[in-house]
Amino acid sequence: MSNFRWVICGLLFLATTINYMDRQVLSLTWKDFIAPEFHWTDANYGKITAFFSIFYAIANLFAGKFIDWMGTKKGYLIAIFVWSVGACLHAACGWVAMQVEGYSTVAELGQLTGDAAVALATVSMYLFLSCRMVLALGEAGNFPAAIKVTAEYFPKKDRAFSTSIFNSGASVGALVAPLSIPLLARAWGWEMAFIVIGVLGFLWMGLWLWLYEKPHKSPYVNQAELNYIEQDSDISEVQDKKEPKEDKAIPFFKCFTYKQTWSFIVGKLMTDGVWWFFLFWAPAYFSEQGYRSDSGMGIALIFTLYLIVTVLSIGGGYLPTYFVEKKGMNPYLGRMRAMLIFACFPLLGLFAQPMSTVSPWWPAILIGLLGAGHQAWSANLFSTIGDMFPKSTIGTITGIGSMAGGLGSFAINYCSGEFFDWAAVQGANFSFFGFEGKPAAYMVVFCICAVAYLIGWCIMKALVPKYKPIVME
């Protein structure tokens, strides 16, 4: 049997890695490089990340349907082209802001005060928001396309594991980013960091054009592998590499009539914002403690955090396979059992802020464990779609759920930015669990993140207590 499905899985992993590196450039450069030039506050950055999330949410509502309509090959190509263009456009924001406000050198910017500084911060913020909108439009296509490809190339019992592999690209991207982006920004300017990382997407497009076809059309997939891939289907559909019969698609608005759809929506709404919060704010959090993103200690802390996420999260995709093969559970029950276990990992986030008083390594380790739990949770959450819905509708459901995740991210990032600025002004007048000012605000947000997964799991279980796939007549 050929094993070309793992090459395709590798391509999905690479695309997801690039996706998250493009997303991370801003979070690793804003506090130490961009904010000093353009006088950004936490609220300015919070608005950018929040509105990126809402752009992403809206785009996701249509991205899944677009991927189902366009097909995975063309749809994925268009998505990564758009987000790579958006990533590169960020590099021009500083120059355009200077032209709009009438400044000719960066040195002039640092001397600004009062209304002039506020005006520059506002103009530059909206320019970055415009580029984030383009980035979000393209990035919205990544997960619907990747989940659809996973359903095409893997049987149900392997989908959580293959999804966990490509989904680990999110943590690998976040792992590689602190090792490269701050150093690029320090050596050649923050603008070059956006350009170099953005160009990687265009290189990926060449690999996708060369290697991807549907399994029954691929010259790299032999009959034995095709039979393995299609083991959940009637064997007559895969004999002689014939094209399998296409499932009847569920109309878009009808999707919302199923509890299975709402279960996925709740899972994404409650938990995606947690991951995005730490993705966007962890570098700033350590910078607040005195460790710049381009310092040796700052790089080490972020690297350690995402190393833990990367190493531990991949194994999370295997756990439901163990429950299915060794314990005899159906795929959905095995997946939900695994997700309950992973929902307990984020509870460690309750101790991140208290332990920061002992050493900055403790929050890096504890947030890393929280992130590993999220990535394992996310891989299994995505796989529940393939358990419940026909392949023809997987992209649509993924897009709907990702839209909900974007809404959750909008809420937590927007509120956090405003909350952190407010808490910094309040100082000792605001306290929580023994912390005052901005550290107290971080403690509040960490507590919310810690319990979100268990609440989400309980609601999902109440909506869909048993395995119940949707079959279109």
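The preceding data block contains the structure.
Residues numbered from 1 in each chain as written. Predicted model: local features only at pLDDT ≥ 70, side-chain atom pairs only at ≥ 80, totals over all residues. Heavy atoms only, no water.

Here we take up the packing of helix α7 (residues 142-153) against helix α8 (residues 156-188). At their nearest, the axes of α7 and α8 sit 10 Å apart, and the two run at 145 degrees to each other. Remark: the crossing between α7 and α8 carries right-handed chirality. Seen from α7, the contacting residues are F143, A146, I147, T150 and A151; seen from α8, they are R159, S162, T163, F166 and N167. Residue classes in the contact of α7 with α8 are distributed as five nonpolar, four polar and one charged. (Axes fitted to C-alpha atoms, helices over the stretch in contact; angles between N-to-C directions. Helix = DSSP H or I, 4+ residues; strand = E, 2+ residues; numbered from the N terminus. Left-handed = near helix turned anticlockwise from the far one by under 90°. Contact = heavy atoms within 4.5 Å. Nonpolar A, V, L, I, M, F, W, Y, C, P; charged D, E, K, R; others polar.)

Residues F81, W188, M192, I195, V196, V199, F202 and L203 make up a contiguous nonpolar surface patch of roughly 720 Å² in combined accessible area. Looking at which element gives the most residues to the nonpolar patch, the answer is helix α9 (residues 190-211), with six residues. (Patch = residues over 30% accessible without salt bridge, like charges linked within 9 Å, V, L, I, M, F, W, Y side chains within 5 Å. Areas by Shrake-Rupley, 256 points an atom, 1.4 Å probe, with all protein chains shown as cover. Salt bridge = Lys/Arg side-chain N within 4 Å of Asp/Glu carboxyl O.)

Our focus in this paragraph is the environment of T113. As for its position among the elements, T113 is in the loop between α5 (106-110) and α6 (114-139). Of the residues examined, T113 reaches a relative accessible area of 62% and is grouped as exposed. As a C-alpha pair, T113 and A452 span 339 residues in sequence and 41 Å in three-dimensional space. (Buried < 20%, exposed > 50% of the residue type's maximum accessible area, 1.4 Å probe, protein only.)

A word on the pattern of salt bridges. Counted according to the given criterion, the structure contains eleven salt bridges. Its salt-bridge partner being R23, residue E139 comes within 2.8 Å of it at the nearest N-O pair. Linking E139 in helix α6 with R23 in helix α1 (residues 4-38), this pair joins segments that are 116 residues apart in sequence. Overall, R23 belongs to the buried group, its relative accessible area being 0%. One salt bridge connects E418 with K47, and the closest N-O pair in it is separated by 2.8 Å. Taken together, the residues span a long stretch of sequence, with E418 in helix α17 (residues 394-426) and K47 in helix α2 (residues 42-70) at a distance of 371 residues. K47 gets classed as partly exposed once you look at its relative accessible area, which sits at 22%. The network of salt bridges with common partners includes K31, D42, E288 and K438.

Positive phi values are uncommon outside glycine, yet H39 reaches one of about 60 degrees. Relative to the helices and strands, H39 resides in the loop between α1 and α2. Unlike most non-glycine residues, F433 shows phi in positive territory, near 50 degrees. Position of F433 among the secondary structure elements: in the loop between β1 (431-432) and β2 (435-436).

We now examine the packing of aromatic side chains. In this structure the tally under the stated criterion is 52 aromatic pairs. Geometrically, the ring pair formed by W281 and F420 is edge-to-face, given 5.2 Å between the ring centres and 80 degrees between the ring planes. Taken together, the residues W281 in helix α11 (residues 259-288) and F420 in helix α17 connect sequence positions 139 residues apart. Residue class for W281 comes out buried when judged on its relative accessible area of 1%. Three or more aromatic residues joined by ring pairs make a cluster, and in this case those are W30, Y45, F277, F278, W281, Y285, F286, F420, Y442 and F446. The ring of Y56 carries the charged tip of R23 above its face, separated from the ring centre by 5.0 Å. The ring of F33 has R292 sitting right over it, with the charged end atom 5.5 Å from the ring centre. (Phe/Tyr/Trp six-rings, centres within 6.5 Å; stacked < 30°, edge-to-face > 60°. Lys NZ or Arg CZ within 6 Å of the ring centre and 35° of its normal.)

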